[in-house]
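# Fold and contact review
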Amino acid sequence: MTSNALASGRMANDAQALQLEPSGFSLLLARQDSQQWQQKIMQADTAAVQRALAKKRRDLDDFAALISPAAAPFLAQMASQAQLLTRQRFGHALQFYIPLYLSNLCANDCSYCGFSMSNALKRRTLTLAEVEQECQAIKAQGFATVLLVAGEHEKKVGLSYFKQVLPVVKRYFSYVLLEVQPLASRDYAELRQYGLDGVLVYQETYDRHGYAKHHLKGKKMDFDWRLATPERLGQAGVDKIGLGALLGLGDWRLDSLYLALHLRYLQQHYWRSRYSMSFPRLRPCAGGLADQVLQQHQSDTLISDKQLVQLICAWRLFDPELELSLSTRESAHFRDHVVPLAITSISAGSRTAPGAYADATASLEQFSTDDQRSVQQVAASMASRGLQPVWKDWETGLCRS
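For clarity, every value in this text was computed on a predicted model and none was experimentally measured. (Residues numbered from 1 in each chain as written. Predicted model: local features only at pLDDT ≥ 70, side-chain atom pairs only at ≥ 80, totals over all residues. Heavy atoms only, no water.)

Moving on, we come to the overall build of the protein chain. Regarding its fold elements, the protein chain presents 18 helices and eleven strands. The 401 residues of the protein chain split such that 58% are buried. Carbon together with sulfur atoms contributes 50% to the accessible area of the protein chain, which is approximately 16,700 Å² in total. (Helix = DSSP H or I, 4+ residues; strand = E, 2+ residues; numbered from the N terminus. Buried < 20%, exposed > 50% of the residue type's maximum accessible area, 1.4 Å probe, protein only. Areas by Shrake-Rupley, 256 points an atom, 1.4 Å probe, with all protein chains shown as cover.)

Enumeration according to the criterion identifies 22 salt bridges in this entry. In this structure, Asp 197 and Lys 170 form a salt bridge, with 2.5 Å as the shortest nitrogen-oxygen distance. Taken together, the residues Asp 197 in the loop between α9 (185-192) and β5 (198-200) and Lys 170 in helix α8 (residues 159-170) connect sequence positions 27 residues apart. Accessibility expressed as a relative area gives 26% for Lys 170, which makes it partly exposed. For Glu 330, the salt bridge is made with Arg 281, and the minimal N-O distance between the two is 2.5 Å. (Salt bridge = Lys/Arg side-chain N within 4 Å of Asp/Glu carboxyl O.)

Averaged over all residues, the pLDDT of the protein chain equals 88, while 85% of them reach at least 70. Segment residues 1-22: pLDDT under 50, and 31 contacts once partners within four positions in sequence are set aside and those in other chains are kept. Of the regions scoring below 50 in pLDDT, residues 395-401 engages in six contacts with residues more than four places distant in sequence or in other chains. (pLDDT = per-residue confidence, 0-100. Contact = heavy atoms within 4.5 Å.)

Locating Arg 58 in the fold gives a position in the loop between α4 (46-54) and α5 (60-66). It turns out Arg 58 is buried and unbridged, and the closest side chain with the opposite charge, Asp 62, is 6.0 Å from it. A distance of 3.1 Å separates a polar atom in the side chain of Arg 58 from the backbone oxygen of Leu 317. (Lys, Arg positive; Asp, Glu negative; His and termini not counted. Polar contact = N/O pair within 3.5 Å; in protein donor to acceptor, adjacent residues only side chain to side chain.)

Looking now at the nonpolar core. Note on soluble globular proteins: their nonpolar side chains tend to be buried together. One finds Leu 148, Phe 279, Leu 311 and Trp 315 to be the most contacted residues of the largest nonpolar core, which totals 108 residues. A per-element tally of this core places helix α13 (residues 252-269) first, with ten residues. Trp 315 has contacts with Phe 63, Ser 256, Leu 259, Ala 260, Leu 263, Met 277, Phe 279, Leu 322 and Leu 324, leaving out every residue within four places of it along the chain. With 16 residues, the next largest nonpolar core counts Cys 106, Cys 110, Tyr 175 and Leu 246 among its residues. (Core = buried A, V, L, I, M, F, W, Y, C linked by side-chain atoms within 4.5 Å.)

This next bit is on the packing of aromatic side chains. Within a pair of aromatic rings, the relevant descriptors are the distance that separates the centres and the angle that separates the planes. Inspection of the entire model under this criterion finds eleven aromatic pairs. Geometrically, the ring pair formed by Tyr 172 and Phe 173 is tilted, given 6.5 Å between the ring centres and 45 degrees between the ring planes. Residues Tyr 172 and Phe 173 agree in their burial class; the two are buried. One aromatic cluster in this structure is built from Phe 25, Tyr 206 and Tyr 265. Directly above the aromatic system of Trp 225 lies the positively charged group of Arg 232, at a separation of 3.5 Å from the ring centroid. Stacked on the ring of Phe 318, the Lys or Arg Arg 264 has its end atom at 4.1 Å from the ring centre. (Phe/Tyr/Trp six-rings, centres within 6.5 Å; stacked < 30°, edge-to-face > 60°. Lys NZ or Arg CZ within 6 Å of the ring centre and 35° of its normal.)

In structure tokens:
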């Protein structure tokens, strides 16, 4: 049986077990008992972890055990299994990508983001000429995959702007992803015609009450509109859908559990798309809002380095086919040691301010990065660990329709 057939069978079994319905993930999420899931995670014992480690196919209960405190003593075994699965599925290839920030305009107020509209920052949106300059500076570093990022401002940085930008960017890069405000399915379908390949959209937290606490103004206050975005992407036939939660904003274990539930739902209903998972941790940012959030959060809400390694390995054991990404939010030391275990794509040389590649003096970053090595330094470090840097994802005419 092929790996695709095995994956389809696994997803079908998970779907049946979870009684998934085609009426939307929001209904499935509403039926979940958060307290019951928290108890299952926190009360998992050694036997539950050992059962999960012994399986070849793992379900949500196994994932709950693998992210539980009881799994911490098994981290070495988890890492060994995760690395083996990663090499079997992805070989030694490591995809490199880079974010290109188009604008720091934003019509939302979020407690953790430097682009929040209440922050007294100088706002900037790149012109098409400036976008081209950024593309030229990035291309000179060897990248073929780029992630376009912008604050959420529908009027000035919306569909019409993206329709102008994408053809410019597509002249330089073979694979283009977008991380902007959620759009309608028809808008995503239209942007595909302009060169869009993938979209990253993070729910931030799956805790509805916690979400409301941190999203104070703007359309991002609409929890359900954002939650349904991956489904609209699947309906539009977008090639890659990137998921994630902002680790530290809520209970990272419960958010990760609901992410796993969300992934299984999407894989069952939108199997033509492929999926990736990112692990953004709360970072200091312009305006100091994230610093206040970090200070207010209790230590058991934040995720430590060791716990993040455990989470990454748990994801690989849960889904050997899933692409896992780790950005420059993390330190060079952390990435050098964790990427070889289970990660399949990383950013390098990232700048989180509009125009910062062509103009090194640009400021106004969305958040601070930790791994500030050059692209060449990161690539050399990964190569020294037996990984092969890959700059291109795929050619549309050769691999996909």
